[in-house]
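# Examining the three-dimensional arrangement
Here's the letter readout for the chains.
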There are 2 protein chains.
Amino acid sequence: MQRGLVNPSRPRRPTMIDVARHAGVSLKTVSRVINGEPTVATELADRVLAAVADLGFRRNDIAANLRSSEVSRTIGLLIEEIANPFYASIAAVVAEIAATHNTMLITVSCEEDPEREKSLLLNLCQRRVDGLLVVPASQDHSYLRREVQMGMAAVFLDRPPGQLLADTVLVDNRGGSQSAVQSLLAAGHRRIGILLDSLTVFTMRERLAGAQAAMATAGVRYDTALVRDEVRAPADAARAVADMLAHPDPPTAFFCLNNRITVGALEELWRRGNDAGLVGFDDFEFAHLMPRPFAVIAYDPKELARVATDQLFRRIGGEQGWPITRVLPTHLVDRGIVDRGVAA
Amino acid sequence: MQRGLVNPSRPRRPTMIDVARHAGVSLKTVSRVINGEPTVATELADRVLAAVADLGFRRNDIAANLRSSEVSRTIGLLIEEIANPFYASIAAVVAEIAATHNTMLITVSCEEDPEREKSLLLNLCQRRVDGLLVVPASQDHSYLRREVQMGMAAVFLDRPPGQLLADTVLVDNRGGSQSAVQSLLAAGHRRIGILLDSLTVFTMRERLAGAQAAMATAGVRYDTALVRDEVRAPADAARAVADMLAHPDPPTAFFCLNNRITVGALEELWRRGNDAGLVGFDDFEFAHLMPRPFAVIAYDPKELARVATDQLFRRIGGEQGWPITRVLPTHLVDRGIVDRGVAA
DNA sequence: ATCACCTGAGACAACGATGTCATGTTTCGA
DNA sequence: TCGAAACATGACATCGTTGTCTCAGGTGAT
């Protein structure tokens, strides 16, 4: 039973065989023309191209890929969520570099769910992508070991893999945090409030460790009453700041471990006209338009993506060797408002 | 020559045949077990599953898809650039809805280049994605006609297709613009500066037309000296504002046709302490933290994406019928600063 | 006890392309 | 003028799955 007869409104896509018949040549000749092999007589090639145009033929990449199983020219990127500007800028860089390798990008968001992470990554493996870029949510990636052994390229970024050796690109979270707190200490602050998301996240643990190290080095007491975790949305940060300021011995400065928190804290301090010191980890767009001064520990997420993607394509290209870990530097940036003369 | 012997470091992936041999069953039985068909004796199924675990077998979706060419469970999304928050939030919604259909998303950015748009979309067709979501950059999509005829689902969003009939979801650019300008006129403004990106973009033409209509209705002269196009970056907007304010009969209000322009204009007016009226098309994050009051024509990009994606999956699901165009409403939102008492 | 029926399992073709090899034709030098 | 090399073309197997069909063996009704 021919499909063409069953559903005439949606014609079956022509295959190379149809083109061959239409042009009066063999299947293989069509294949040669489509793939630009030079050993075809001009006259035949023209007939084939005419048939291609006539029938609206377009090669089925799925079939081609199955036969010549070299590369699918597709890579996968796993992140938290694409709506987050941090990840969006990473995805942009990855897609751009991939395009130069004639490769498309499947981006999947796991939303901090380890189960989802696993199922998405294995699903990508089933689709036989050429490689994986992973910002992991879980701490156990042993389920990827076999895939990697069987040739799946994988590079982790922003956070390291767990139970798996793989190429990794990180940011110097600890060092950046250390210098953030050092700058507050140097300005004379001794009571520093620290706000963080969740300790289940690698970057948060590292940043907190850096802050503790800086305080220990300076001989300043690390008071757990001045530390709040599970601060997720900006509004949580605002509440935490208000809360800490009500403390009998309140902080005179705040260190926010990500930019969502920074925005919330900043908004609250600004609302109160409180001039506490404020340093946030991560820069962000519009930081220069915020209504009060603060500082950030900045680094380039694009560079992170660039280094990781380049490494991935090196592996896809067949580069052998032990997994490599690279740590990118951070730097302190003083961020003010558009015009500091605001109060004047 | 076996590949395993050529490159023993990267073992060949096991296929169903390997699993079948290892479990002492037929190929087809493996296929049945993998696909959860119920007609397999428990004892055999267990042997197959053990072999799968032993060998680290993972089904090749490419081959499966080739054989049973139903759906590839992949859709394509074409946008300008993923780093733009507007498109990132669209991509997030599309990916989320796609996930509920067990479908992954390939996002490609054409960066306003019509040639790139064409090649990317046709490339996606070659990959046999199940459907396309398109924010078009070009004005001629006749090259998609054959693909659509042959069953490729396609939905356009934010901007309409050219030379092609297809499902489309738009925003009421004209109406929104009209009410923006009406609000400025109602506040007594008669000289209104208009800043826009490029007239090659559909949304810009529509928004400008809406502004003109509002002025015509009110009997206010449309002075081309107060219109600037090719305003791309915020800095361009700042310059344009400065320039217009130097006009002998300067504008007392500005209408910015996108949010990048709004930010630049706002920054310049704030720097000058100028209290001109300001309305921008498109809301944006942090708008409520900006250092001076203004208004925006807001709409929900997520709703845009939701409606378009739902329609796409309806088409993928086989829904027939003529292409549909939907236009989503906008509304005016007064946006101020965190605390209007800033100057106090 | 016989036969129709059901069910589980395997053999084989098919999906749409590419790789390999064989074949027929042309070309060119001796 | 002939033979070998070079080239253009096609026949056929193949990639890793799933769909179709067949068949053996067990079940229940008559």
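Above this text is the structure in question.
So, here's what we can say about the structure.

Surveying the vicinity of DNA strand D reveals 24 residues, the closest of which are A:T29, A:R32, A:A41, A:R67 and B:K28. Across the atoms of DNA strand D situated within 4 Å of the protein, the share located in sugar and phosphate is 58%. At a separation of 2.6 Å, a base nitrogen of DNA strand D approaches a polar side-chain atom of A:R32. Those elements giving two or more residues to the surface near DNA strand D turn out to be α3 (27-34) and α5 (61-67) of chain A together with α3 (27-34) and α5 (61-67) of chain B.

Taken residue by residue, the interface counts 65 residues in chain A and 65 residues in chain B. Both sides of the chain A and chain B interface together cover about 5800 Å² of buried area, and 57% of this is carbon and sulfur. At the surface where chain A touches chain B, the tally comes to four salt bridges. Of the charged contacts in the structure, one is a salt bridge between B:E147 and A:R58, with a shortest N-O distance of 2.8 Å. On the surface where chain A and chain B come into contact, there are 18 residue pairs in polar contact (both at pLDDT 80 or more).

Glancing now at the protein's contact with DNA strand C. Residues in close proximity to DNA strand C total 25 residues, the closest being A:M16, A:S31, B:T29, B:A41 and B:R67. Within 4 Å of the protein, atoms of DNA strand C come from sugar and phosphate in 61% of cases. Take A:S31: an N or O atom from its side chain is 2.6 Å from a phosphate oxygen of DNA strand C. At a separation of 2.7 Å, a base oxygen of DNA strand C approaches a polar side-chain atom of B:R32.

Here we come to the relation of the copies chain A and chain B. With an RMSD of 0.1 Å, chain A superimposes on chain B once it is rotated by 180° and translated 0.0 Å along the axis. Here the symmetry operator amounts to a two-fold rotation axis. No C-alpha of chain A lies nearer the rotation axis than that of A:I106, which sits 2.3 Å from it. A symmetric contact is evident, with 98% of the interface residues of chain A recurring at the interface of chain B.

Of all hydrophobic cores here, the largest spans 102 residues; its most connected members are A:L133, A:I194, A:F255, B:L133, B:I194 and B:F255. Among all residues touching A:I194, those that are not within four sequence positions of it are A:L208, A:A211, A:M215, A:Y222, A:L226, A:V227, A:R228, A:M244, A:F255 and A:L257. The next biggest cluster of nonpolar side chains, apart from the first, holds 50 residues, and it includes A:M244, A:V263, A:A265 and B:A240.

For the rest of this paragraph, the subject is the sheet that holds strand β8 (residues 253-256) of chain B. Residue and element names in this part refer to chain B. What the six strands build is an open sheet, ordered β7-β6-β8-β9-β10-β12; its pairing is mixed. This sheet does not close on itself; its edge strands, each paired only once, are β7 (227-228) and β12 (331-335). Relative to β7, strand β6 (residues 192-195) runs parallel, the two sharing two bridges. Each residue of the ladder has a partner; that of L195, found in β7, is R228. The strands that helix α9 (residues 173-186) touches are β6, β8, β9 (277-281), β10 (294-298) and β12; relative to β9, the one it contacts most, it runs at about 175°.

Right, let's talk about helix α13 (residues 301-316) of chain A for a bit. Residues and elements named next belong to chain A. Taking 1.5 Å of rise per residue, 16 residues should cover 22 Å, and α13 covers 22 Å from first to last C-alpha, within 8% of that figure. What α13 keeps buried is the set P301, L304, A305, V307, A308, T309, Q311, L312, F313 and R315. Lining the buried residues of α13 we find β1 (74-79), α6 (85-100), β3 (131-134), β4 (153-157), β5 (167-171) and β11 (325-328). The N-capping residue of α13, defined by a side-chain oxygen 3.0 Å from the backbone nitrogen of K302, is D300.

We now examine the side chain of B:R292. Residue and element names in this part refer to chain B. With respect to the element layout, R292 can be found in the loop between β9 and β10. We note that R292 is buried and unpaired, the nearest opposite charge coming from D275 at a distance of 5.9 Å. A polar side-chain atom of R292 sits 2.7 Å from the main-chain carbonyl oxygen of A276.

Turning next to the sheet that holds strand β12 (residues 331-335) of chain A. All names here are of chain A. The strand order β7-β6-β8-β9-β10-β12 describes an open sheet built from six strands, whose pairing is mixed. Both edges of this open sheet fall to β7 (227-228) and β12, since each of them pairs with a single strand only. Here four bridges tie strand β6 (residues 192-195) to strand β8 (residues 253-256), and the two strands are oriented parallel to one another. Within β8, the position partnered with I192 by the bridge is A253. Helix-sheet contacts for helix α9 (residues 173-186) involve β6, β8, β9 (277-281), β10 (294-298) and β12, and the interaxial angle to β9 is about 175°. In the packing of helix α12 (residues 259-272) onto the sheet, contacts are made with β6, β8, β9 and β10, and the angle to β9 comes to roughly 160°.

Now for the packing of α6(A) against α13(A). Packed helices, taken two at a time, are described by the angle their axes make and the gap between the axes. Residue and element names in this part refer to chain A. Where α6 contacts α13, the two axes come as close as 9 Å, and the packing angle between them is 40°. Relative to α13, α6 is oriented so that their crossing is right-handed. Contact residues: F86, S89, I90, V93, V94, I97 and A98 in α6; P301, K302, L304, A305, R306, T309, D310 and F313 in α13. The residue makeup of the contact of α6 with α13, split by class, is 10 nonpolar, two polar and three charged.

This structure, assessed with the given rule, holds 11 aromatic pairs over all chains. Measuring from centroid to centroid gives 5.8 Å for A:F286 and B:F284, while their planes differ by 45°, and the two rings are tilted. Of this pair, A:F286 sits in the loop between β9 and β10 while B:F284 is found in the loop between β9 and β10, placing the two residues in two different chains. On the basis of relative accessibility, which here comes to 11%, the residue B:F284 falls in the buried class. Between A:F286 and B:F286, the aromatic rings sit 6.0 Å apart at their centres with planes inclined by 90°, giving edge-to-face as the arrangement. Of this pair, A:F286 sits in the loop between β9 and β10 while B:F286 sits in the loop between β9 and β10, which puts the two residues in different chains.

On the surface, A:E81, A:E111, A:D113, A:E115 and B:E96 cluster together to form a negatively charged patch. For A:E81, the location among the structural elements is in the loop between β1 and α6.

The subject of this paragraph is the pattern of salt bridges. Enumeration according to the criterion identifies 51 salt bridges over all chains in this entry. Between B:R59 and B:D61 there is a salt bridge; the shortest N-O distance is 3.3 Å. Of the residues examined, B:R59 reaches a relative accessible area of 26% and is grouped as partly exposed. In this structure, B:R174 and B:E206 form a salt bridge, with 3.1 Å as the shortest nitrogen-oxygen distance. Placement of B:R174 in helix α9 and of B:E206 in helix α10 (residues 202-218) is noted, with a sequence separation of 32 residues between them. A residue is classified by how much of its surface remains accessible, and B:E206, at 18% relative accessible area, is buried. What you see here is one network of salt bridges that share partners, running through A:E80, A:E112, A:D158 and A:R159.

Residues and elements named next belong to chain A. Neither face of β3 is exposed, since G131 and L133 on one face and L132 and V134 on the opposite face are all buried. Alignment of β1 against β3, held across four bridges, turns out to be parallel. In the strand pairing of β3, I75 is matched with G131. For β3 and β4, the ladder comprises four bridges, and the chain directions are parallel.

Parameters and conventions
Residues numbered from 1 in each chain as written. Chains lettered and ligands numbered in written order. Predicted model: local features only at pLDDT ≥ 70, side-chain atom pairs only at ≥ 80, totals over all residues. Heavy atoms only, no water. Near = heavy atom within 4 Å. Polar contact = N/O pair within 3.5 Å; in protein donor to acceptor, adjacent residues only side chain to side chain. Helix = DSSP H or I, 4+ residues; strand = E, 2+ residues; numbered from the N terminus. Contact = heavy atoms within 4.5 Å. Buried area = accessible area lost by both parts, 1.4 Å probe. Salt bridge = Lys/Arg side-chain N within 4 Å of Asp/Glu carboxyl O. Least-squares fit on C-alpha atoms with pLDDT ≥ 70 in both. Core = buried A, V, L, I, M, F, W, Y, C linked by side-chain atoms within 4.5 Å. Buried < 20%, exposed > 50% of the residue type's maximum accessible area, 1.4 Å probe, protein only. Pairing = 2+ DSSP bridges. Axes fitted to C-alpha atoms, helices over the stretch in contact; angles between N-to-C directions. Expected span 1.5 Å × (residues − 1). Lys, Arg positive; Asp, Glu negative; His and termini not counted. Left-handed = near helix turned anticlockwise from the far one by under 90°. Nonpolar A, V, L, I, M, F, W, Y, C, P; charged D, E, K, R; others polar. Phe/Tyr/Trp six-rings, centres within 6.5 Å; stacked < 30°, edge-to-face > 60°. Patch = residues over 30% accessible without salt bridge, like charges linked within 9 Å, V, L, I, M, F, W, Y side chains within 5 Å. Areas by Shrake-Rupley, 256 points an atom, 1.4 Å probe, with all protein chains shown as cover. Charge placed at Lys NZ, Arg CZ, Asp CG, Glu CD.

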